[in-house]
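Examination of the molecular architecture
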Amino acid sequence: MAVSNTQVIFDSLYDIFTCLAIIVGVIVFALMAYLIIRYRAKNSSSDPEDTPRLGRIPTSRGHGRNVLITVTLSTFLLAILIITSFAAVDTLFPNNPPNATWCYSIAAYNQTQATGQSCPRLDVTGHQFYWVFTYPGARSYTNFFRVPVNTTVVLDVTSADVFHDFGIIQFKIKTDAIRGRTNTIWFIPYKTGNYTIQCFELCGTGHVGMIATLDVMPVADFLLWYGSTK
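For every chain, the first residue of its written sequence is number 1, and the numbers climb from 1 along that sequence. Where local features are concerned, this predicted model is filtered to residues with pLDDT of at least 70; where side-chain atom pairs are given and counted, the filter is 80 or more; whole-chain, interface and lining totals use all residues. Only hydrogens and water are set aside when side-chain values are computed; all heavy atoms of the structure are taken into account.

To continue, consider the pairing of strand S2 (residues 130-135). A simple rule labels every residue: compare its accessible area, found with a 1.4 Å probe on the protein chains alone, to the largest value its type can have, and call it buried under 20%, exposed over 50%, or partly exposed in between. Secondary structure counts use DSSP, requiring at least four H or I residues in a row for a helix and at least two E residues in a row for a strand, with both numbered from the N terminus. With 5 of 6 residues buried, S2 lies mostly within the body of the structure. Should DSSP find at least two bridges between two strands, the strands are taken to pair. Both strand S1 (residues 122-127) and S2 contribute to a ladder of 5 bridges, which runs antiparallel. Looking across to S2, one finds that His 127 is bridged to Tyr 130. Connecting the antiparallel pair S1 and S2 is a turn made up of 2 residues. In this structure, S2 lies alongside strand S3 (residues 139-142), joined through 4 bridges in antiparallel fashion. Across the sheet, the residue bridging to Thr 134 is Ser 140, located in S3.

Laid out in C-alpha cells, this is it:
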C-alpha cells in the first residue's frame, strides 16, 4: 500500500517510463536480431553496388520512409513522457492546492473546509541546520511535524538563510526552500507512522544532519494532541 498520494503519482509515472523502455528495447533488439540473421555474411555474398568505398561519394539509398517512421515514433514516445511528467508536476505544485474535507483550520482540525476555499497553509522554514514547522496560530515546532492521516496537507516552504531543499523521502516529494520566496507543496498521507524529512540541497557543514520527522497519526489521536497543546 502506498504511503501517500504523491507516491502513487510518482510510481505511476515510473511505471509508464519503465513500460515504454521495455517496449522500445524489445522492438530494437528484436529488429537487430532479425537484421543480423537476415543479412549475415555468407561465402557466396558480395558487396552491394551502393557499398561505401574510399574515394567515392556514396549513392543515396532512398530510405526516407524509414526516417519518417523513426521520427514519428520517437516524437510520439517523447510526447507521452513529456505530457505525463508535466501532468504530475502540475498536480503536485499547483497555484491553488485542491480542496478537501480535512484541511488545516485556525480554530481546529475537525472543521470541514467550505466549498471553493483552498486549504489554509502551514509554514515550513529552513534554517542552518534545522526545520521549523508553524501551525495556524503561530505554534511552531523544530524538526518534528505531526499531521492526521488521510488529510490534505498544504505546506508553504521557504528559507531563513541559505538555499535548502525540503523533501519527504518516503513520499517521493520535495521542493526548494529559498529565502524571500515561497514554494507550495501538498500531499495526502495514507498510512500512519514516522517518515523522514531531509534537506536535499548542500547548505553548509551541517547539511547532513538537517533531518526532521513527520509523524502521521490517527485522526482521533491527532485531535487529542492538537487540543492539548493549545
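On to the sheet that holds strand S9 (residues 193-199). Within a sheet, adjacent strands bond to each other through the backbone by hydrogen bonds, running parallel or antiparallel. Across the sheet, which stays open at both edges, the 5 strands sit in the order S4-S10-S9-S6-S7 with mixed pairing between neighbours. Every other strand in the sheet has two partners, leaving strand S4 (144-148) and strand S7 (173-177) as the edge strands with one partner each. Neighbour-to-neighbour, the strand axes of this sheet turn through a mean angle of 20°, independent of strand direction. When S4 meets strand S10 (residues 211-217), the two strands line up parallel, connected through 5 bridges. Helix axes use the C-alpha atoms of the stretch in contact, all axes being lines fitted to C-alpha atoms, and the angles between their N-to-C directions lie in the range 0 to 180 degrees.

Next up on the list: the nonpolar core. Of all hydrophobic cores here, the largest spans 31 residues; its most connected members are Trp 131, Phe 145, Leu 155 and Leu 214. Per-element tally for this core: the top contributor is S10, with 4 residues. Not counting residues up to four positions away in its chain, the partners in contact with Leu 155 are Leu 122, Val 124, Phe 145, Phe 166, Asn 183, Thr 184, Ile 185 and Phe 187. Residues enter a nonpolar core if they are buried and are Ala, Val, Leu, Ile, Met, Phe, Trp, Tyr or Cys, with the set joined through side-chain atoms within 4.5 Å. The contact criterion used is simple: two residues touch if any of their non-hydrogen atoms lie within 4.5 Å.

Of the consecutive residues Gln 128 and Phe 129, the connecting peptide bond is found in the cis state with omega at 5°. Backbone geometry at Asn 143 places phi at a positive 60°, although glycine is not the residue there. Note on placement: Asn 143 falls in the loop between S3 and S4. Exposure remark for Asn 143: the relative accessible area of 25% places this residue in the partly exposed category. At Lys 172, a residue that is not glycine, the phi angle is positive and equals roughly 55°. Along the chain, Lys 172 falls in the loop between strand S6 (164-168) and S7.

The strand order across the open sheet formed by 5 strands is S3-S2-S1-S5-S8, and the pairing between neighbours is mixed. At either margin of the open sheet sits one strand with a lone partner, and together these are S3 and strand S8 (183-187). Averaged over all adjacent pairs, the angle separating strand axes in this sheet is 25°, with direction ignored. Both strand S5 (residues 153-159) and S8 contribute to a ladder of 5 bridges, which runs antiparallel.

This paragraph deals with the environment of Tyr 226. Summarising the element assignment, Tyr 226 is placed in helix H3 (residues 219-228). Residues Tyr 226 and Pro 148 lie 78 residues apart in sequence; the distance between their C-alpha atoms is 10.0 Å.

Attention now goes to the side chain of Thr 151. By the secondary structure assignment, Thr 151 is in the loop between S4 and S5. For Thr 151, a relative accessible area of 4% corresponds to the buried category. Pairs of N or O atoms within 3.5 Å make up the polar contacts considered here, provided that, within protein, one atom can donate a hydrogen while the other can accept it, and that residues adjacent in sequence are counted only when both atoms are side-chain atoms. Polar contacts involving the side chain of Thr 151 include one to the main-chain carbonyl oxygen of Pro 148, which spans 2.8 Å.

What follows concerns the packing of helix H1 (residues 5-38) against helix H2 (residues 64-92). Between H1 and H2, whose axes approach to 10 Å, the crossing angle comes to 175°. On the basis of their axis angle, the class for H1 and H2 is roughly antiparallel. Seen from H1, the contacting residues are Thr 6, Ile 9, Phe 10, Leu 13, Ile 16, Phe 17, Leu 20 and Val 24; seen from H2, they are Leu 77, Ile 80, Leu 81, Thr 84, Ser 85, Ala 88, Thr 91 and Leu 92. Nonpolar residues are Ala, Val, Leu, Ile, Met, Phe, Trp, Tyr, Cys and Pro. Charged residues are Asp, Glu, Lys and Arg, and all others, Gly as well, are polar. In terms of residue class, the contact of H1 with H2 is made up of 12 nonpolar, 4 polar and no charged. Throughout, the term roughly parallel applies to angles under 35 degrees, roughly antiparallel to angles over 145, roughly perpendicular to angles from 65 to 115, and oblique to all others.

Right, let's talk about H1 for a bit. A rise of 1.5 Å per residue sets the reference length of H1, with its 34 residues, at 50 Å; its end C-alpha atoms lie 49 Å apart and thus fit the reference within 8%. All of the buried residues in H1 are Asn 5, Thr 6, Gln 7, Ile 9, Leu 13 and Leu 20. If you follow the buried residues of H1, they end up packed against H2, S7 and S8. Under the convention used throughout, the expected extent of a helix is 1.5 Å for every residue step, that is, one less than its residue count.

By themselves, these figures tell us nothing about what the structure is for.
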